[in-house]
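Geometric and topological summary
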Amino acid sequence: MKVKEIKRILVTGSVGQIGSELTLALRERFGAENVVATGRKTPPSDALKNSGPFYFIDVAKRETLEEVVRKHNIDTIVHMAAILSAVGEQNPMRCWDVNINGTLVVLECAREHDMARVIIPSSIAAFGPETPRDRTPNDTILKPRTMYGVTKVAGELLGDYYFRKYGLDVRGLRYPGIISHETLPGGGTTDFAVAIYFEAVRNKRYTCFVREDTRLPMMYMPDCIKATIDLTVADISKLKHHSDFNVGAMSFSAGELAASIKKQIPEFVCTYEPDFRQAIADTWPMSLDDSAAREEWGWKPAFDLEAMTKDMLDVLGRRYREGKVVVLGA
Ligand code: AKB
């Protein structure tokens with residue numbers, strides 16, 4: 001397969017939790033004018049709005065994507081737009097439409113334009129209760145119980161299908177819960193792990209919507225950005241997998257997360273009132289075996305729970321002291 005150079009990137013879902021920070025990191029690396037941000041909502045930050053081109057598109061409508069692809073001569077799509085697990089359970093048909101039809105639109109557009117690369121993230125939601133939950137292997141049972149998970153498994157299979165059938169260089173990684181302080185996540189099961197920091201700084205209290213002993217794989221945003229870009233530029237001759245890399249960083253229970261915050265904010269109190277998201281979390285892995293990513297493209301995370309908590313509380317604490325609003329999380 002002839003490797004094509006990445007020159008002009010389009011990011012879907014660029015106003016989301018990961019998309020907003022990934023777009024800025026891609027602009028830094030590939031040049032601001034070469035990274036076109038797209039989304040359905042107004043960009044949340046001036047940094048995203050003012051640092052390069054932005055267009056409103058609906059990714060499930062091919063013509064809206066096509067117009068921007070042609071205008072900017074796009075050769076790479078980083079497809080971040082997705083409905084996450086919790087919102088997906090409240091509206092499964094919408095989840096299917098955005099995640100499946102959106103992914104097909106992206107893949108068909110990339111195939112017809114003979115693009116260099118397509119990045120389509122997957123998630124730990126691709127797994128289900130029959131999957132081994134401890135150090136979940138890369139290649140294992142994929143029988144998710146959420147519509148989001150169903151769409152993520154389909155996305156992985158479609159990515160590999162387009163690679164084998166059409167030679168389109170599609171790559172993807174299974175994100176664990178991603179923790180960050182810039183843009184809040186929207187509608188995921190792992191959102192508690194972000195909201196807890198915002199509420200610890202603001203109110204010194206948090207009511208968590210999963211049980212104290214709920215253990216999930218998680219990752220801090222700088223590692224998430226690094227993983228995504230490292231896979232995007234990885235040497236294809238070394239890749240045995242394509243659309244389905246496990247990427248681990250840390251694994252902790254909600255109780256351990258609360259304890260790590262309490263070490264720095266002793267007055268912090270966390271209580272637990274599990275809701276419908278508990279049943280989703282209970283079907284997901286507790287930790288991941290990411291040796292395929294480590295071997296095939298050198299994946300290595302930098303942040304553990306302690307380092308992440310310190311950084312999150314430093315940043316949010318500073319923002320709070322400066323009187324900048326700390327928005328209530330999920
Ligand atoms: C969610 O909770 O739905 C997401 C995910 C793990 O993909 N954060």
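Model, not experiment: these values are computed from the prediction.

The rules we used
- Residues numbered from 1 in each chain as written.
- Predicted model: local features only at pLDDT ≥ 70, side-chain atom pairs only at ≥ 80, totals over all residues.
- Heavy atoms only, no water.
- Core = buried A, V, L, I, M, F, W, Y, C linked by side-chain atoms within 4.5 Å.
- Buried < 20%, exposed > 50% of the residue type's maximum accessible area, 1.4 Å probe, protein only.
- Helix = DSSP H or I, 4+ residues; strand = E, 2+ residues; numbered from the N terminus.
- Contact = heavy atoms within 4.5 Å.
- Phe/Tyr/Trp six-rings, centres within 6.5 Å; stacked < 30°, edge-to-face > 60°.
- Pairing = 2+ DSSP bridges.
- Axes fitted to C-alpha atoms, helices over the stretch in contact; angles between N-to-C directions.

Attention now goes to the nonpolar core. Membership of the largest hydrophobic core comes to 43 residues, with the highest contact counts inside it found for Ile179, Phe192 and Tyr197. It is helix α7 (residues 192–202) that contributes the most residues to this core, nine residues altogether. Dropping the residues within four chain positions of it, Ile179 is found in contact with Gln17, Ala193, Val194, Tyr197, Met218, Met219, Tyr220, Met221, Phe252, Met308 and Met312. Judged by nonpolar contacts, the second largest core, of 29 residues, contains Leu26, Ile178, Ile225 and Leu239.

Below, the discussion takes up the packing of aromatic side chains. Per the stated rule, a full pass over the model turns up eight aromatic pairs. Judged by centre distance (6.0 Å) and plane angle (70°), the ring pair of Tyr161 and Tyr162 falls under edge-to-face. The exposure class of Tyr161 is partly exposed, given its relative accessible area of 42%. Taking 5.7 Å as the distance between ring centres and 85° as the angle between the ring planes, the aromatic pair formed by Phe192 and Phe209 counts as edge-to-face.

What follows deals with the sheet that holds strand β7 (residues 170–171). Here six strands make up an open sheet; going across it, the order is β3-β2-β1-β4-β5-β7 and the pairing parallel. The sheet terminates laterally at β3 (54–56) and β7, the two strands that pair on one side only. Pairing of strand β2 (residues 35–39) with β3, which is carried by three bridges, proceeds in the parallel orientation. Across the sheet, residue Ala37 finds its bridge partner in β3, namely Phe54. Against the sheet, helix α1 (residues 17–30) touches β1 (9–12), β2 and β4 (76–79), its axis set at about 165° to β2.

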